[in-house]
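# Architecture and fold: a report
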Amino acid sequence: MAASGIFIDDEITGRAYDAALVRRLLGFVQPYARLAALAVGLLLALAGLELLGPLIGKVAVDRYIVPRDPSGLPLMAGAFVAVQLLSSALRYVQNLVTQMLGQRVMFDLRMRIFSHLQDMSLSFYDHNPVGRLVTRLTNDVDALNELLTSGAVAVFGDIFSLVTITIALLALNWQLGLISLCVMPLVYLTVRWFQTGMRQAYRDIRLRLAIINGYLNENITGMQVVQLFNRERRNFERFDQLNRDHLNANMRSIFYYALFYPVVELFMNICLALVIWFGGRQVLGDALTIGALTAFLTYVQRFFMPIRDLSEKYNILQAAMASSERIFKLLDHAPEVRDPEGLGSGVSGRVTTRPQTLDPKPGGRVEFRDVWFAYVDEEWVLKDVSFTIEPGETVAFVGATGAGKTSLLSLLSRFYDVQRGQVLLDGTDVREMPQRELRRRVGAVLQDPFLFSGTIASNIRLLDEAITDEQIRAAARAANAAEFIERLPLGYDTEIYERGAGLSMGQRQLIALARAIAFDPDVLLVLDEATANVDSETEGLIQEALQGFMAGRTGIIIAHRLSTIQYADRILVMHRGRLVEQGSHAELLRLNGIYRRLWELQAIEERAPVA
Amino acid sequence: MGPRLLFGYLSAYRKRYTLLVLATVVRTLIALSIPFVLRLAIDSITSGTSSQTLAGYGLLIVLLTLVAGGLHFVRAYGFSHVSRVVEYCMRNDLLAHLQGLHTGFFQTTRTGDLMARLTNDLNAVRQLLGPGVQNFTNTVVSFAITLALMFTISVRLALYAAVLLPVVSLVFISVRRQIERRFTAVQEQFSTLSAKAQENFSGARVVKAFAQEQAWVDHFRQANQEYVDRSIRLARVQSVLWPAMQLVVGLMFATVIWLGGQDVIAGQITLGQYVQFTAYLLQLVWPMIALGWTAQLYQQGMASLRRLEELFETEPGIVGGSLVPPSVRGEIELLDVRFGYRAGPPVLRGVSLHVPPRGSLGIVGHTGAGKTSLVQLLMRLYDASSGQVLVDGLDVRNWQLDELRRAIGYVPQETFLFSDSLAENIALGSAAVEEIELARAVRVSRLENDLPDLPHGLETVIGERGVTLSGGQKQRTAIARALMKDPRILILDDALSSVDTSTAEQILTELRQVMRDRTTVIVSHRISVVRDCDQIVVLRDGEIVERGAHMDLIRAGGEYGRIYRRQLLREELELDGS
């Protein structure tokens, strides 16, 4: 098996700094500009305060220690303590402000991503695994937080420190200052060299780790297949190769890391040596005090601290850039299905009131007008399909797998948009209705009865507080679900774990049906595969409930088996994306076409004499 | 617990570790001798020296740094290297271990949990071995040496400075409990937040179908806000640490200015020694900060090690025997087999049956009757709790496991496909892909009907990055995969459920040819699929309630007859009712 691409999409272009990305990130900081300004301001103040320490030391040496006057030393020590107290307090506030800033920005970013994802159409969810989306919302956002709190803000402080120390060095003695700074071009070159090497190594490592994890994930989920087909050895060898590539990529990066620190330290100590040499000569020539020389030594060491930490910050920066790239790529992904202009676009821009029904009188007239539809490019799933279903009518669609039946449902719910033609509900194109409104009116019983964690009641009403407990019970009764629910010790308050573990498939179907009923739609869509994998008793319950509920409502049944069509008023036959026949069962049989063939096939399956 | 596992991996590196620790000590000694050179330089300046002597001191500093830097590189590279190699070995061993574990384990353990161990826990262990060990040795060595050097300069000054050190520990201890508690609270909310998002995305279809998007945004906002609140609560305490540490160091400095200054004036120490002492104070700061971090790495690393060890200690529930029959005939026999999943209720309750070589067995029954469990015992995905499962008269527990599985082609209810080409997915079991075999498997499974729809035919990459197959196509792939093994025993476990009726009929027709010279077991809830089997058993609540050929069972008028009649009857009713 090839190294699966599972996680490769998470990869990055590997830029360490991307001005456009940073600008967009700053857009999220902007609402908290004052908080950000406070954080940076405090940092600048701190950088300034930290200059004072060595200066106090210098004064202590030059004024009191060298002239042998102990009287001023307590004052000096006191001043030093005072400066330390102040800077500790400021640092605490600065830390806290930075964290708060980070948290606020992350809150907004998370809301933006989550809301954006709510606007995405189903095809988006078809193509993006849930785990990856959750990662965007959690780990990637956290990486940005790291950038903001330990990276970006601190960089301001570091840069300011470098500037103030440079000024202090030059102010104390400009000749010595210039001499001690003369290694700077070399430091700059080292940093550049390190960056280039690290960028490549980092990208390599990320890619290899992603491949390893993708491969692992696949091997764990498919372990049964691996074992039954005796693939253990071969898969292990492949894994070992991937693992080894990762190791080698890491060793390359370790080389840079291990070398960077000592090289920077070397530069620092060359600086110190220069200060000793030139500075010492100046002291001897009385051009510099001995206290100033000690201050110089301290400043030089402080100067190199931020540079030494650079390797760590660089890592944070790179991770954050990769994360922000992924986040923005996600945010830039425009929803394929959009609400019409003027009705607000999607969740993120909408007010949170419950929608008023545009058309209060119950309707439910469904019309497909010359509909063409394809999931990809020009591979038409529906070709020029037209039909009308009158309010209150129940219609069944039949056809072989892949005939396009299920797509009809998705189009009416507007999970996808048609390429040509129109889908109309009560005369209005579904694209001209707000999606919420449309989906309130069109209910669906889906194949997979997805249950959320929470109680049975909360799975029936979902997050719609307007649905009362009484309505829930009524819906459960109508769905024939009340009996089993009320037998449970906690009834409707029974907790549901991990997608309905502990409930049978049939029970899950019944809850899903109660949910559809509780939302009281005008048009009900039913996929009969929903009832395919349940025992016959539950199937009977579901059928009975559906029949009762569909009375007086428009019903559309997608029948994979002809057994479900018994209560349909009309049967529509789909074949290769086209609507080929329609009528009652008897009429269709008489037509002697596709329907008859489908029917005969099933009949043969059940009836043919034993060979 | 944890450490034992680690020592196993590290035993090969004992010598290297000793050398690396030695390198750390030497490097630290050299690095700490630089302030000593500074002191000599300052003292020589105050007593009036030559420019040449100063240049000599400068050169000495650079030379010492070069040696120290070289040792630093060796140490950093060495420790990291060991940690990465151990990570590599452990990762390999973990996969190898998982490959030996039984199906039951994977069904009771979530993939996410295993992945977390293989990624996060492994990473925590690597961090413990790399930066953790490196920092720890560095911290201990430089702390001890620095303190010792400070005492050689002035016992009095060193004592004053040392008095403040316990204050640092006190700050740590008092704040740590709070930090830990608040950190746990943040982590919990983080899980909640992830779980909510996960649920929303997985249930996107329902969320959309019921227009719940806005309600979910509000729901998510609450969880998000709680996360922010908890994080800020953590920040309030956590932000204390670093400034507190700085304050303590500041106090030490002030003490040195005051008392050390007096000592210089009194002639007890030289100005150079004063400068040297302050330089050492600066050196003390880093180890103190690193210590907290190292402690955290240690805690996390140890917890992760225990989790990994737990995984390693999981015994494979199924271990193969040693017998290999010279040739496989494909005879199946079950003798009073009982079986249940772990603590669960019994699934099979005394099942006995016999299928001769090249015979066929059909199994019908309701959901939960034990059909899948029964066939899974044959290839030892599970072991029977009592009774015997025999293939070719040999207890499956005595079979060499890979030989047993080679003999059986299993098409499960749910198809697992690897993200790879269709051809690779079919050829899984066979070492070298035989084109003719592949073509035959593709034909019999009716997968050839689908090939024109796939952009690159058999070379089409499927899965997430490629083409998504329909349920029926997946099942056909699984059938082709099983046939590709050319097994003596073919098991279809409800393998035609997602295939439409006409394709199913085609597959069955083709299969009949293949079945002629193999033993076949077919599980289905469609009577039409098992009708032609030599022998059909009806399972109910883990027991065989009926057995015989199709016509015999119909004539017997038992449960099978009822299932059959119901299927027929409903068919007729439906057709009349429309």
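Residues numbered from 1 in each chain as written. Chains lettered and ligands numbered in written order. Predicted model: local features only at pLDDT ≥ 70, side-chain atom pairs only at ≥ 80, totals over all residues.

To continue, consider the overall build of chain A. Check the secondary structure of chain A and you find 20 helices and twelve strands. The buried share of chain A, taken over its 611 residues, is 45%. (Helix = DSSP H or I, 4+ residues; strand = E, 2+ residues; numbered from the N terminus. Buried ≥ 20, exposed ≤ 12 C-beta atoms within 10 Å, placed from the backbone.)

Glancing now at the overall build of chain B. For chain B, the helix and strand inventory stands at 19 helices and ten strands. Computed over its C-alpha atoms, the radius of gyration of chain B comes to 36 Å, more than 25% above the 25 Å expected for a compact globule of 578 residues. For chain B, the spread of C-alpha atoms along the three principal axes comes to 120 × 60 × 50 Å. Considering chain B as a whole, with its 578 residues, one finds that 44% of them fall into the buried category. Of the contacts made within chain B by residues no fewer than 6 positions apart, 78% connect residues no fewer than 24 positions apart. (Rg over C-alpha atoms; globule rule 2.2 N^0.38 Å. Contact = placed C-beta atoms within 7 Å.)

Before going further, it helps to examine the domain arrangement of chain A. You can read the domains of chain A as domain 1 (16-173 + 320-333), domain 2 (174-287) and domain 3 (366-607). Relative placement of domain 1 of chain A and domain 3 of chain A: their C-alpha centres are 54 Å apart. (Domains from an automatic or database assignment.)

Residue and element names in this part refer to chain A. Most of strand S11 (residues 570-575) sits inside the fold, with five of its six residues counted as buried. Relative to S11, strand S3 (residues 394-398) is paired through four bridges, and the arrangement is parallel. Counted as the bridge partner of Ala396 is Ile571 from S11. Summarising the sheet, S11 and strand S12 (residues 578-583) pair through five bridges and their orientation is antiparallel. Note on S12: the bridge partner recorded for Met574 is Leu579. (Pairing = 2+ DSSP bridges.)

In this section: the interface of chain A and chain B. The interface of chain A with chain B comprises 129 residues on the first partner and 127 residues on the second. In terms of residue count, helix H9 (residues 232-284) of chain A provides more of the side of chain A that touches chain B than any other element does, 29 residues in total. Among the residues forming the side of chain A that touches chain B, the class breakdown is 75 nonpolar, 35 polar and 19 charged. (Nonpolar A, V, L, I, M, F, W, Y, C, P; charged D, E, K, R; others polar.)

Before going further, it helps to examine the pairing of strand S9 (residues 535-540) of chain B. Residues and elements named next belong to chain B. Counting buried positions over the six residues of S9 gives five, a clear majority of the element. By the bridge criterion, five bridges tie strand S3 (residues 360-365) to S9 in an arrangement that is parallel. Note on S9: the bridge partner recorded for Ile363 is Val537. Pairing of S9 with strand S10 (residues 543-548) involves five bridges; the strand directions are antiparallel. Directly across from Val537, in S10, lies its bridge partner Arg547. Counted along the chain from S9 to the antiparallel partner S10, the turn is two residues long, and its residue Asp541 has a positive phi close to 50 degrees.

This part is about the nonpolar core. Nonpolar side chains tend toward joint burial in soluble globular proteins. Formed by 193 residues in total, the largest nonpolar core has its most connected members in Phe296(A), Ile257(B), Leu378(B) and Ile491(B). Each residue touching Ile491(B), except ones within four places of it in the same chain, is listed here: Val375(B), Leu378(B), Ile408(B), Gly409(B), Tyr410(B), Val411(B) and Val521(B). In terms of nonpolar packing, the next biggest core, distinct from the first, is built from 120 residues, Ala476(A), Leu513(A), Ala518(A) and Leu524(A) among them. (Core = buried A, V, L, I, M, F, W, Y, C linked by C-beta atoms within 7 Å.)

This part is about the sheet that holds strand S4 (residues 420-425) of chain A. Strands belonging to one sheet form pairs held by backbone hydrogen bonds; the direction of such a pair is parallel or antiparallel. Residue and element names in this part refer to chain A. Here we have four strands laid out as an open sheet, ordered S2-S1-S4-S5, and antiparallel in their pairing. Two strands close off the open sheet at either side, each with one partner strand: strand S2 (380-389) and strand S5 (428-429). Alignment of S4 against S5, held across two bridges, turns out to be antiparallel. Paired with Leu424 across the bridge in S5 is Asp429. The sheet contacts of helix H12 (residues 405-412) involve strand S1 (366-374), S2 and S4, and relative to S1 the element is tilted by about 115 degrees. (Axes fitted to C-alpha atoms, helices over the stretch in contact; angles between N-to-C directions.)

What follows concerns unusual backbone geometry. Even without glycine at this site, Asn592(A) takes up a positive phi of about 60 degrees. Relative to the elements of secondary structure, Asn592(A) occurs in the loop between helix H19 (585-591) and helix H20 (594-607). Positioned with a positive phi, Arg380(B) is a non-glycine residue whose angle comes to about 60 degrees. Along the chain, the position of Arg380(B) falls in the loop between helix H11 (371-378) and strand S4 (386-391).

This part is about the confidence of the model for chain B. Residue and element names in this part refer to chain B. Per-residue pLDDT for chain B averages 86, and the proportion of residues at 70 or more is 95%. Below pLDDT 50 for its whole length, residues 572-578 participates in twelve contacts with residues either more than four positions away or in separate chains. Both scores are given for the predicted complex: the pTM is 0.76, the ipTM 0.83. (pLDDT = per-residue confidence, 0-100.)

Further remarks concern the packing of helix H7 (residues 184-221) of chain A against H9(A). Residues and elements named next belong to chain A. Look at H7 against H9: their axes get within 9 Å of each other, and the N-to-C directions meet at 160 degrees. When the axes of H7 and H9 are compared, the pair comes out roughly antiparallel. Relative to H9, H7 is oriented so that their crossing is left-handed. Class assignment of the residues belonging to the contact of H7 with H9 gives a composition of 19 nonpolar, eight polar and four charged. (Parallel < 35°, antiparallel > 145°, perpendicular 65-115°, else oblique. Left-handed = near helix turned anticlockwise from the far one by under 90°.)

Time to look at the sheet that holds S4(B). The strand order across the open sheet formed by four strands is S2-S1-S4-S5 (chain B), and the pairing between neighbours is antiparallel. Unpaired on one side and paired on the other, strand S2 (346-355) and strand S5 (394-395) of chain B mark the two borders of the sheet.

It is at 10 Å that the axes of H9(A) and helix H2 (residues 14-46) of chain B come closest, and there the two elements cross at 10 degrees. Considering the angle they form, H9(A) stands roughly parallel to H2(B). Counting all contacts with H9(A), which are made through Asn269(A), Ile276(A), Gly280(A), Val283(A) and Leu284(A), the residues of H2(B) involved are Ile34(B), Ala41(B) and Ile45(B). For the contact of H9(A) with H2(B), the per-class residue count stands at six nonpolar, two polar and no charged.

Moving on to the environment of Arg508(A). By the element assignment, Arg508(A) lies in helix H17 (residues 505-518). With 57 residues separating them in the primary sequence, Arg508(A) and Leu451(A) have C-alpha atoms 7.5 Å apart.

Residue and element names in this part refer to chain A. Mean pLDDT for chain A: 83, with 88% of residues reaching 70 or above. Segment residues 1-12 is flagged for pLDDT under 50; beyond a separation of four residues in sequence, or across chains, it makes 35 contacts in the model. Contacts for the low-pLDDT stretch residues 344-361, under 50 throughout, to residues beyond four places or in other chains number 26 contacts.

A few words on helix H10 (residues 290-308) of chain A. With 19 residues, H10(A) extends 28 Å from end C-alpha to end C-alpha; this agrees with the ideal 27 Å at 1.5 Å per step. Taken residue by residue, H10(A) has Ile290(A), Gly291(A), Ala292(A), Leu293(A), Thr294(A), Ala295(A), Phe296(A), Leu297(A), Tyr299(A), Phe303(A), Phe304(A) and Ile307(A) as its buried positions. (Expected span 1.5 Å × (residues − 1).)

Quick look at the environment of Ala474(A) now. For Ala474(A), the position within the fold is in helix H15 (residues 469-478). Between the alpha carbons of Ala474(A) and Lys329(A) there is a distance of 45 Å; along the sequence they are 145 residues apart.

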